[in-house]
Amino acid sequence: MRARYGVPLKVTAVGAAVGAAGLVYAAGFEARSFRLRRVTIPVLPHGARPLRVLQVSDIHMVSGQRKKRGWLHSLAGLRPDFVVNTGDNLSDPKAVPELLDALGPLMEFPGVYVFGSNDYYGPKLRNPALYLLEKTQGKHGLNGNAPAVGVVHNPWEPMRDAFDEAGWLGLSNTRGRLKVDGLEIAFTGLDDPHIKRDRYAEVAGGPETGADLSIGVVHAPYLRSLDAFTADGYPLILAGHTHGGQLCIPFYGALVTNCDLDTDRVKGLSSHTVGDRRAYLHVSAGCGTNRYTPVRFACPPEATLLTLTPRD
């Protein structure tokens, strides 16, 4: 019996040890290994000076996350021309004061924001394998799944009021403008498509007349939103939501995007094409996780400094 089962038991033990080590790394190190990515996008008029845009997304703040708060504080040292917050700020209904403290220095700069589902509703414990199952079935969020029942309602109103008081523009199914270094930057935003709160018909019509640059902003990069922005002629779309796949396979990449976007564009700069129109698409991998799955693997948390330059 020993000869028959000794090796498999050792293999099982080694596998368990490797799995435990991977979990410790994913939760204890990588999930708190915050990074800044830098991306250059040529979308400004000829002759304009470059603009520095800080995109933060998917913070998923939980009470007691001091390292994350300190890192977000430090981003103000980049001195961006403006900030774009693409939603999912919360993962704990008690964390609004800590979130506002973390973003306080950044709120000294001009900014815009949209909300994601986790700003409105608290997370629920669920089997991570369901994300793979939903991908195979074409179901994501409320786009194909039954409405959530018994969810926690987050206190998003104080967060919204603080953003508005700081001068940040709320873009939930509406438009707004910032004047930055003599340039008129127009924004068209959507509420979160992941929970079917997007209303593109209310903001349709394309870039605004007289604006030097028009940007589409949305939390979850569902194809219907990307198609609408691109078909209307927006040169740049900013989104979050995907966490970059969160648990990725080294040298392969993400398995899921938690929406109908393909995994090749799960994070970073890419493009989106509809007919003869093409837009730059930047999807932030975000800097947090759902409080019930506080792990990342081969996908460190991030914010992005986008340098907008004149068009080629």
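All figures in this text were calculated on a predicted structure; none of them were measured in a lab.

With that settled, the discussion passes to the nonpolar core. Ranked by size, the top nonpolar core spans 31 residues in total, and within it Leu54, Leu72, Leu75, Leu99, Leu106 and Phe163 carry the most contacts. Contributions of two or more residues to this core are made by β2 (51-56), α2 (66-74), α3 (96-103), α6 (156-165) and β12 (302-310). Ranked by the residues each element gives to this core, the list is headed by α3, at four residues. One finds Val39, Ala48, Val112 and Leu171 within the second-largest nonpolar core, a separate group that totals 25 residues.

Another aspect to go through is the UniProt feature "domain: Calcineurin-like phosphoesterase" (unreviewed entry) in the protein chain. Listed under "domain: Calcineurin-like phosphoesterase" (unreviewed entry) in the UniProt record, and renumbered for this structure, are residues 51-244. When the span residues 51-244 is considered, its composition is 25% helix and 20% strand, and the gap between its end C-alpha atoms is 25 Å.

Right, let's get into the pattern of salt bridges. Side chains that carry opposite charge are capable of pairing whenever their charged atoms lie near each other. In total, this model carries 13 salt bridges according to the counting rule given. The salt bridge involving glutamate 208 is made with arginine 175; its shortest N-O contact spans 3.7 Å. In this pair, glutamate 208 is assigned in the loop between β7 (183-189) and β8 (213-217) and arginine 175 in strand β6 (residues 174-180), connecting sequence segments 33 residues apart. Exposure remark for glutamate 208: the relative accessible area of 21% places this residue in the partly exposed category. Salt-bridge contacts for arginine 197 lead to aspartate 191; the nearest nitrogen and oxygen are separated by 3.1 Å. Connected via shared salt-bridge partners are Arg175, Arg177, Glu184 and Glu208.

For the rest of this paragraph, the subject is the packing of α2 against α3. Contact geometry for α2 and α3: axes closest at 7 Å, N-to-C directions at 30 degrees. The angle between α2 and α3 falls in the class roughly parallel. Facing Arg69, Leu72 and His73 of α2, the residues of α3 in contact are Glu98, Asp101 and Ala102.

So, on to the state of the cysteines. A disulfide bridge is the covalent bond that connects two cysteines by way of their sulfur atoms. What the rule picks out here adds up to zero disulfides. Free cysteine: cysteine 248, not disulfide-bonded; nearest cysteine sulfur from cysteine 299 at 4.3 Å. Looking at the unpaired cysteine 259, the closest cysteine sulfur is the one in cysteine 248, lying at 14 Å. With relative accessibility at 4%, the residue cysteine 259 sits in the buried group.

What counts as what
Numbering of residues starts from 1 in each chain and follows the order in which that chain's sequence is written. The model is predicted, so local features are restricted to residues of pLDDT at least 70 and side-chain atom pairs to those at 80 or more, both for listing and for counting; the totals for chains, interfaces and linings are taken over all residues. Calculation of side-chain values draws on the structure's entire complement of heavy atoms; hydrogens and water are dropped beforehand. For our purposes a nonpolar core is just a set of buried Ala, Val, Leu, Ile, Met, Phe, Trp, Tyr and Cys residues, chained together by side-chain atoms within 4.5 Å. Exposed residues in this analysis have more than 50% of their type's maximum accessible area, buried residues have under 20%, and partly exposed residues fall in between, with area computed by a 1.4 Å probe over protein chains only. Runs of E in the DSSP output that reach at least two residues are strands. Runs of H or I that reach at least four are helices, and both are numbered from the N terminus. UniProt positions are given in the numbering used here, feature names are shortened, and annotations may be inferred rather than shown by experiment. Salt bridges are identified by distance alone: a Lys or Arg side-chain nitrogen within 4 Å of an Asp or Glu carboxyl oxygen. Interaxial angles span 0 to 180 degrees and are taken between N-to-C directions of axes, which are lines fitted to C-alpha atoms, for helices over the stretch in contact. Should an angle fall under 35 degrees it is taken as roughly parallel, and over 145 as roughly antiparallel, whereas 65 to 115 is taken as roughly perpendicular and any remaining angle as oblique. Residues count as neighbours in contact if any of their non-hydrogen atoms are within 4.5 Å of one another. Cysteine sulfur atoms are paired as a disulfide whenever they fall within 2.5 Å.

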